[in-house]
Amino acid sequence: QVFGEMAAFVGLEMAGVVRSGRRVCVCSVETEPDSGPGWIRRANPYSGKPVYAETVEWSVPEMEETPRNTLESIVWWKSDEVDIKRESLPFLALRNRVMGLEKDQGKANGTLLLEKLRRKPESKINRVAEIRYKWPDEETPSPEVDSMRIAGAAESNGDVAIAIQTDSKYFAGDLQHMNRVRAASELPIICTEVINQQYQFYEMRYHRADAAVVLAAVYAKEDMDYNLKIAKVLGMALFVEVHSVEEVDYALSFEGLKAILAGPRDLNSMRSSFADSQKLVSERIDELRSRNILVLAEGREDEIDADSGLIDAVIVYRD
């Protein structure tokens, strides 16, 4: 029903998109759930425990197991969190808010963002300021993170965009942080919160995001193609996050792909390194360049190679 409502708004054909539903586990690279580390399950899978009564047998649905890593925990949490949010703000009401925002301020600046991030010949890597209050393995938010100060200084520091982690449970973020940053800066905003449901695209856009990030390892191809279409309708840029060469190959099959986030991160600490991103991209750089796919990475200030010819832009960690 939710997918149908969204399709009615964006005017897209739904053939083949609804088949996996919202709570079915899908895999981007592997075909079996236990065949490799690239498998990120979209929600806690239900299993059927057999129950016998003489000649009758049936199964009782039950939650199967715990998340395999922190990233999977976040993905599952997003499914539950959005269910709760939808009860207080149904999709149609959220859609109307986004339409009102577009009427007053226009669509997102996703196209402009990609132009700003794309590296020019002979130029240095473009930098993206980061606003993140904590990592999942940290107990408390950092008191040194001041979103308004970071936003105000970003442009003078030469940053071309601002990446904001808005997840509340694992990163101590808030969607409202994007509204505050927009008041302090005109730089494009990339929302780096994990997306589990398409509802979140509209939620992010309503709070002024110009771009979002989706995990290649979470979505079936038909669903990812649909994600890219939703982002396009909203004017948002969409970065497909990849963790392995297999996921890069998978991402290259998506219709309308324009940018990737090369983030071969530790799935528990959630940190990525610039060196690992370069190594990953180097395996497929010729195809990425031939298709004009923008490459975004992450990393600490002290490890960034500003002259790297493999990366267009980098989100610079604050720590």
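What you see is a predicted model; the values in this text were computed from it and never measured.

**Some words on the packing of aromatic side chains**
Part 1: Across all of its chains, the model carries 4 aromatic pairs by this definition.
Part 2: With 5.0 Å between their ring centres and 85° between their planes, F91 and Y202 make a pair best called edge-to-face. Highlighted residues: F91 in helix α3 (residues 91-105) and Y202 in helix α8 (residues 199-206), separated in sequence by 111 residues. A single burial state applies to F91 and to Y202, both of which are buried.
Part 3: The ring of Y317 carries the charged tip of R132 above its face, separated from the ring centre by 5.6 Å.
Part 4: Its guanidinium or amino end placed over the ring of W77, K169 lies 4.7 Å from that ring's centre, counting from NZ or CZ.

**Here's the deal with the sheet that holds strand β10 (residues 313-316)**
Part 1: As summarised here, the arrangement of the 8 strands in space is β3-β4-β5-β6-β7-β8-β9-β10, forming a closed barrel in which the pairing is parallel. Each neighbouring strand pair of the sheet contributes to a mean axis angle of 30°, computed without reference to strand direction.
Part 2: Bridge count between strand β4 (residues 161-164) and strand β5 (residues 189-191): 3 bridges; the pairing is parallel. Looking across to β5, one finds that I164 is bridged to C191.
Part 3: Those strands touched by helix α4 (residues 110-117) are β3 (126-131), β4, β5, β6 (211-215), β7 (237-242), β8 (259-262), β9 (294-299) and β10, and its axis lies near 55° from that of β7.
Part 4: Lying over the sheet, helix α9 (residues 221-234) contacts β6 and β7, oriented at roughly 150° with respect to β7.

**A look at helix α5 (residues 147-154)**
An α-helix turns once per 3.6 residues; consequently, residues spaced three or four apart project the same way.
Part 1: Taken together, the buried positions of α5 are occupied by S147, I150, A151 and A154. The buried residues of α5 all sit within an arc of 95° when viewed along its axis, so they share a single face.
Part 2: In this structure, the buried residues of α5 make contact with β3, β4 and α7 (176-184).
Part 3: Near the N-terminus of α5, the side chain that reaches the backbone nitrogen of M148, with its oxygen 3.1 Å away, is that of D146.

**Some thoughts on the confidence of the model for the chain**
Part 1: Across the chain, the average pLDDT comes to 86, with 82% of residues at 70 or higher.
Part 2: Considering only residues more than four positions removed or in separate chains, one finds that residues 1-6, a stretch of pLDDT under 50, has 14 contacts.
Part 3: When the criterion is pLDDT under 50, residues 8-37 qualifies, and its contacts beyond four places in sequence or with other chains add up to 62 contacts.

Parameters and conventions
Residues numbered from 1 in each chain as written. Predicted model: local features only at pLDDT ≥ 70, side-chain atom pairs only at ≥ 80, totals over all residues. Heavy atoms only, no water. Phe/Tyr/Trp six-rings, centres within 6.5 Å; stacked < 30°, edge-to-face > 60°. Helix = DSSP H or I, 4+ residues; strand = E, 2+ residues; numbered from the N terminus. Buried < 20%, exposed > 50% of the residue type's maximum accessible area, 1.4 Å probe, protein only. Lys NZ or Arg CZ within 6 Å of the ring centre and 35° of its normal. Pairing = 2+ DSSP bridges. Axes fitted to C-alpha atoms, helices over the stretch in contact; angles between N-to-C directions. Contact = heavy atoms within 4.5 Å. Arc of directions from axis to C-beta. Polar contact = N/O pair within 3.5 Å; in protein donor to acceptor, adjacent residues only side chain to side chain. pLDDT = per-residue confidence, 0-100.

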